[in-house]
Amino acid sequence: MIVQAIFYIFAGLLIFSASMVITVRNPVFAALFLVLSFFSSAAIWLMLEAEFLAIALVLVYVGAVMVLFLFVIMMLDINLTRLREGFASYLPLGIVVALLMMIAMGLVVGSGYFRTEGVSPVVSHAPDYSNTTELGKALYTLYLYPFEIAGAILLVAIIAAIALTMRKPRSTKTQQPALQVQVKKEDRLKIIKMQSEQQQ
Amino acid sequence: MNWSTDIMLALPEVILLASACALLVIDTFSKDSGRNITYGLAQLILIVAASVAIYLYTGETSYAFGKTFVSDPMSTMLKVVVCIISLIVFLYSHEYLKKHEWMQGEYFVLGLFAVLGMMVMISAYSLLTVYLGLELLSLSLYAMVAMRKESQAASEAAMKYFVLGSMASGMLLYGISILYGVTGTLELNQLSHMLAVQTEQNILLVFGLVFIIVGIAFKLGAVPFHMWIPDVYQGAPTAVTLFISSAPKIAAFAMAIRLLVDGMQPLLIDWQQMLVILAILSMAAGNIIAISQTNLKRMLAYSTIAHVGFLLLGILSGTEAGYAAAMFYVITYALMSAGAFGVIILLSRKGFESDNLNDIKGLSDKSPWFAFIMLILMFSMTGVPPFLGFWAKWFVLKEIVDMGYVWLAALAVVFAIIGAYYYLRIVKLMYFDKAENMTAIKASRQMRLALSINGLALLVIGLMPGFLMTLCLAALIK
């Protein structure tokens, strides 16, 4: 009973914060609501006894990704009024298309297919059961191949980021006295013999 | 699970991954500004990977890594073809990078990772590996398109490619998640089995299938998911366009076969209808819009879309002979596309991309031999016998006529004839128009040689298409 209540609290919080992410006007608030939605989904994962995933979600997404995201938002000077231009004129068409899609998808996916009866409840484990160990075992045996490919994808992301952003070192105008004192007259002065101008 | 046999089966991939990582380090410390070491080693790696794939060929179907990986005749065949095509592409690209003084070792490293992604897609046996292979390939390609920093067109193309590509990946993933939700399995064989058993949840399965088809159609570039192709082909540096237009299409074909045939054969009737629509639209839009193009790269982009329509005809026939015909088509297409972009690279100079239709005017005066090679390529793309492109179209049409889709075959022929106009226009420009300038073609000997072989191959294989067809049939008939 109490578990169910906790679930509904976090599920409600998740839906609320997720809808706030896309409706709120200020992008910083949107990012913060995204943080809240990550927290609530982490709580739901904890209730499913997936402790490692829950903590990884908080550490990786809340701790690293969202902080970076906030930095990006603060650094970019996005002109929101320009983005919202034409919003009102596109709105009616958008609503019609969205409604049609919702009805169509609702008819297909709607009820009946995703009932809870067929889903078995969460299996409780003894206190000495380690979620992390089990995940590690699955990752390095059953899913070794996909796991390695995921590693290769991350490597490509690093290579791509460096290849796209690294530029040649800028030529700075620092003085180099050692070279300056060695300069000879011939290096700087060039004597050209040319014909004197003739009168016509 | 026996690790040593598993790793033996995936040895081409293992070698490719390990040596691409090594190449990355070598490239970093290499003092060679011409990047000849990186280029040479990249070519060597491709040759080794292809030879290992051939060496390991047994003709049997074996699985590895908990059935996420499959090694069968089709995977060996396509891996070898991908390696050969990439070899040609790297050769042409090296010429381009040298000509345009844009030598970056990362081009070859990212190219190798893209080849790895293609290989993963080709021998994927789980929805998870299909998706991961696709991401590995796409990510490398996005970066390669954007790598030319000073080019605004390239940045724009990369952005469009990235945003639309991520959308398509998202669609594919959504479809995968629905299939997983209904059947509870990611493995293709089991998925096919579950689909055959479950009939009452059919609508939901077809709903998932739609998203999978969208993902495949995007990667192949079928109408109406083709919007990225013209812009990316035109905006990307020609060396990258050359790469995108050739080998990845083979991987996309493999993905379509794995997902639709290996994984969803019981839903044949459903995906057949969807592919019919995609095929007709692609052939129509591709061939008709290509006529009004003045940019050669953009024209070839629309020609790609038209070819994809033909390729889909082979897949939708739903028979093993049809899949073999589609495989024949995609290999032929990759060869023709590599050659056509190779000619553009051959004609280009520093600061001059040579990608306008006018730039090809009077090529026969400048270089009769390469005008002839381009003539072969264009005739082959049109489908004039005895070139290879004719046989590719012939086999596909034969299969769909056998399946009773005579009207579809007739429609395909009509669109192919419309397409003949813009291919033959290039021949006209080359032979009957005067060149605007007579700057001599500057190209290295290996470039000239490779391009000649590439062009003549279309003629020689076209004279005896039975050999390649036998290979394709052997790869697909179980």
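Residues numbered from 1 in each chain as written. Chains lettered and ligands numbered in written order. Predicted model: local features only at pLDDT ≥ 70, side-chain atom pairs only at ≥ 80, totals over all residues. Heavy atoms only, no water.

Turning our attention to the overall build of chain A. Looking only at helices and strands, one finds nine helices and zero strands in chain A. Listing every helix and strand of chain A by position from the N terminus yields α-α-α-α-α-α-α-α-α. Residue burial in chain A is summarised as follows: out of 200 residues, 16% are buried. Summing over all exposed atoms, chain A offers an accessible surface of approximately 16600 Å²; the carbon and sulfur share of this is 69%. (Helix = DSSP H or I, 4+ residues; strand = E, 2+ residues; numbered from the N terminus. Buried < 20%, exposed > 50% of the residue type's maximum accessible area, 1.4 Å probe, protein only. Areas by Shrake-Rupley, 256 points an atom, 1.4 Å probe, with all protein chains shown as cover.)

Attention now moves to the overall build of chain B. Regarding its fold elements, chain B presents 21 helices and two strands. In terms of overall dimensions, chain B is globule-like: its C-alpha atoms have a radius of gyration of 21 Å, near the 23 Å expected for 478 residues. By its C-alpha atoms, chain B is 70 × 55 × 40 Å across when sized along the principal axes. Within chain B, the proportion of its 478 residues that are buried is 64%. In chain B, 80% of the contacts between residues at least 6 apart in sequence involve partners at least 24 apart. Split by element, the accessible area of chain B, about 16600 Å² in all, is 68% carbon and sulfur. Taking the average location of the 27 positive side-chain charges in chain B and that of its 26 negative ones, the two points are 10 Å from each other. (Rg over C-alpha atoms; globule rule 2.2 N^0.38 Å. Contact = heavy atoms within 4.5 Å. Lys, Arg positive; Asp, Glu negative; His and termini not counted. Charge placed at Lys NZ, Arg CZ, Asp CG, Glu CD.)

On to the nonpolar core, then. One finds Y107, M264 and W271 of chain B to be the most contacted residues of the largest nonpolar core, which totals 207 residues. Broken down by element, the residue count for this core peaks at 21 residues, all from helix α15 (residues 320–347) of chain B. With near-sequence residues (within four places) excluded, M264 of chain B lies in contact with L179, L191, L195, L209, I212, L259 and W271 of chain B. Residues V35, A42, M66 and L70 of chain A belong to the second largest nonpolar core, which totals 10 residues. (Core = buried A, V, L, I, M, F, W, Y, C linked by side-chain atoms within 4.5 Å.)

Moving on: the domain arrangement of chain A. Split into domains, chain A comes out as domain 1 (1–78), domain 2 (80–112) and domain 3 (128–164). Put simply, the middle of domain 1 of chain A and the middle of domain 2 of chain A, counted by C-alpha atoms, are 24 Å apart. (Domains from an automatic or database assignment.)

Summing up the model confidence of chain B, the mean pLDDT is 92 and the portion of residues at 70 or higher is 99%. Here the prediction assigns the complex a pTM of 0.90, and the interface score ipTM is 0.92. (pLDDT = per-residue confidence, 0-100.)

With 35 residues of chain B at the contact, the number on the chain A side is 25 residues. Interface of chain B and chain A: buried area, both sides summed, is about 2600 Å²; carbon and sulfur atoms make up 84% of it. Its largest share of buried area at the contact with chain A, chain B owes to L132, K149 and L204 of chain B, together 20% of the area lost on that side. Inspection of the region where chain B meets chain A yields zero salt bridges. Across the contact surface, chain B and chain A share one residue pair in polar contact (both at pLDDT 80 or more). At the level of elements, α2 (11–29), α5 (105–122), α6 (127–146) and α9 (202–220) of chain B are the ones that each hand at least two residues to the side of chain B that touches chain A. Among the elements that make up the side of chain B that touches chain A, the one with the highest residue count is α6 of chain B (10 residues). Its residues assigned to classes, the side of chain B that touches chain A comprises 23 nonpolar, seven polar and five charged. (Buried area = accessible area lost by both parts, 1.4 Å probe. Salt bridge = Lys/Arg side-chain N within 4 Å of Asp/Glu carboxyl O. Polar contact = N/O pair within 3.5 Å; in protein donor to acceptor, adjacent residues only side chain to side chain. Nonpolar A, V, L, I, M, F, W, Y, C, P; charged D, E, K, R; others polar.)

On to the packing of aromatic side chains, then. Between two aromatic rings, the relevant description is the distance of the centres plus the angle of the planes. Residue and element names in this part refer to chain B. Within the structure shown, the criterion is met by 30 aromatic pairs over all chains. Plain terms: the ring middles of Y161 and W228 are 4.8 Å apart, the flat faces sit at 10° to each other, and that makes the pair stacked. On the criterion of sequence distance, the pair formed by Y161 in helix α7 (residues 152–183) and W228 in helix α10 (residues 228–235) is long-range, its members being 67 residues apart. W228 carries the same exposure label as Y161, and that label is buried. Ring centres of Y233 and F341 lie 6.1 Å apart, and the angle between their planes is 70°; this geometry places the pair in the edge-to-face category. Placement of the pair is Y233 in helix α10 and F341 in helix α15, with a sequence separation of 108 residues. Across the pair, F341 and Y233 agree in class, each one buried. Through a chain of ring-to-ring contacts, three or more aromatic side chains come together here, namely Y39, F90, Y107, F108 and F243. Directly above the ring of W102 sits R148, whose terminal nitrogen or CZ lies 5.4 Å from the centroid. In this arrangement the basic side chain of K393 is found over the ring face of F310, its NZ or CZ atom lying 5.0 Å from the centre. (Phe/Tyr/Trp six-rings, centres within 6.5 Å; stacked < 30°, edge-to-face > 60°. Lys NZ or Arg CZ within 6 Å of the ring centre and 35° of its normal.)

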